[in-house]
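In case you want the letters, here they are:
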Amino acid sequence: MADTPERDPRTLTLADFPVHRPVTTRWSDNDMYGHLNNAVYYELFDSAINGWQAEHVTVDPTGDPTQGVVAESGCAFYAEVAFPAPLVVGVRVSRLGRSSVTYELGLFVDPVRSAEPDPGIKALGHWVHVEIDAATRRPTPIPEHLRALMETAVAGARA
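Since we're looking at a predicted model, the values are computed, not measured.

Burial analysis of strand 4 (residues 100-109) places nine of its ten residues in the buried class, the great majority of the element. The pairing of strand 3 (residues 87-96) with strand 4 spans nine bridges and is antiparallel. Of the residues in strand 4, the one forming a bridge with Arg95 is Thr102. Two successive antiparallel strands, strand 3 and strand 4, enclose a turn made up of three residues. Direction of pairing for strand 4 relative to strand 5 (residues 123-133): antiparallel, over a ladder of eight bridges. Of the residues in strand 5, the one forming a bridge with Leu107 is Ala123.

Structure (structure tokens):
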């Protein structure tokens with residue numbers, strides 16, 4: 001079987017992500033260069049994942065027997081964005097394992113809330129959550145209610 005060339009991530013569109021999470025930035029998120037500070041992208045990605053989960057399943061970070069913790073993250077920046085541009089994070093699952101999930105997160109200008117359409121991807125995040133036992137802090141299987149939600153965001157799925 002011949003190797004299939006990997007798709008250039010800069011060609012991804014919001015349609016490539018099954019889950020869409022509108023996000024809000026603040027004036028203070030801009031850095032001295034007039035665009036979002038790099039750390040803000042990670043905050044937006046974290047909020048998109050956790051907000052999506054909280055809207056669809058019961059999650060109690062202080063009381064649940066398991067917790068999802070970030071084991072790895074990264075971001076490729078393709079174009080600048082700045083407050084007050086309305087943004088949306090596209091979420092998809094690229095790998096769903098026994099105790100971990102790998103998300104890809106695309107940051108876009110929100111086509112619904114923006115007066116100036118701009119469909120190009122601005123950044124692509126890579127986020128790995130490992131489910132751990134809250135008491136032992138060791139990896140544990142992803143609970144079924146979370147796994148079922150994650151399956152709706154598997155690359156190619158439509159939520």
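What follows covers the sheet that holds strand 3. Strand pairing within a sheet occurs via backbone hydrogen bonds; the two strands may be parallel or antiparallel. Here five strands make up an open sheet; going across it, the order is 1-3-4-5-2 and the pairing antiparallel. What marks the edges here is a single partner per strand, and that holds for strand 1 (19-23) and strand 2 (66-77). The sheet shows a mean angle of 25° between the axes of neighbouring strands, taken without regard to direction. Helix 2 (residues 144-151) contacts strand 3, strand 4 and strand 5 of the sheet and is inclined by roughly 115° relative to strand 3.

Moving on to the layout of surface pockets. When its volume is computed, the largest pocket comes out at roughly 340 Å³. Gln53, Val59, Gln67, Gly68 and Leu146 are, among the 23 residues lining the largest pocket, the residues nearest its centre. Secondary-structure elements contributing two or more residues to the lining of the largest pocket are helix 1 (38-56), strand 2, strand 4, strand 5 and helix 2. Its residues placed into classes, the lining of the largest pocket shows ten nonpolar, ten polar and three charged.

This part covers the pattern of salt bridges. Pairing between side chains of opposite charge can happen when their charged atoms approach one another. Under the counting rule described, the total for this entry stands at eight salt bridges. Here Glu43 and Arg26 are joined by a salt bridge, their closest N and O atoms 4.0 Å apart. With a gap of 17 residues between them, Glu43 in helix 1 and Arg26 in the loop between strand 1 and helix 1 connect regions that are remote in the sequence. By relative accessible area, Glu43 is classed as partly exposed at 44%. Here Arg113 makes a salt bridge to Asp110, at a shortest N to O gap of 2.7 Å. Among the residues examined, Asp110 registers a relative accessible area of 5% and is labelled buried. Linked by salt bridges that have partners in common, Arg26, Asp29 and Glu43 make up one network.

Procedures and definitions
- Residues numbered from 1 in each chain as written.
- Predicted model: local features only at pLDDT ≥ 70, side-chain atom pairs only at ≥ 80, totals over all residues.
- Heavy atoms only, no water.
- Buried < 20%, exposed > 50% of the residue type's maximum accessible area, 1.4 Å probe, protein only.
- Helix = DSSP H or I, 4+ residues; strand = E, 2+ residues; numbered from the N terminus.
- Pairing = 2+ DSSP bridges.
- Axes fitted to C-alpha atoms, helices over the stretch in contact; angles between N-to-C directions.
- Contact = heavy atoms within 4.5 Å.
- 1 Å grid on protein atoms, 1.4 Å probe; cavity = no way out; pocket = protein on both sides within 12 Å on 5 of 7 lines; lining within 4 Å.
- Points joined across faces, edges and corners; volume = space filled by probe spheres on them.
- Nonpolar A, V, L, I, M, F, W, Y, C, P; charged D, E, K, R; others polar.
- Salt bridge = Lys/Arg side-chain N within 4 Å of Asp/Glu carboxyl O.

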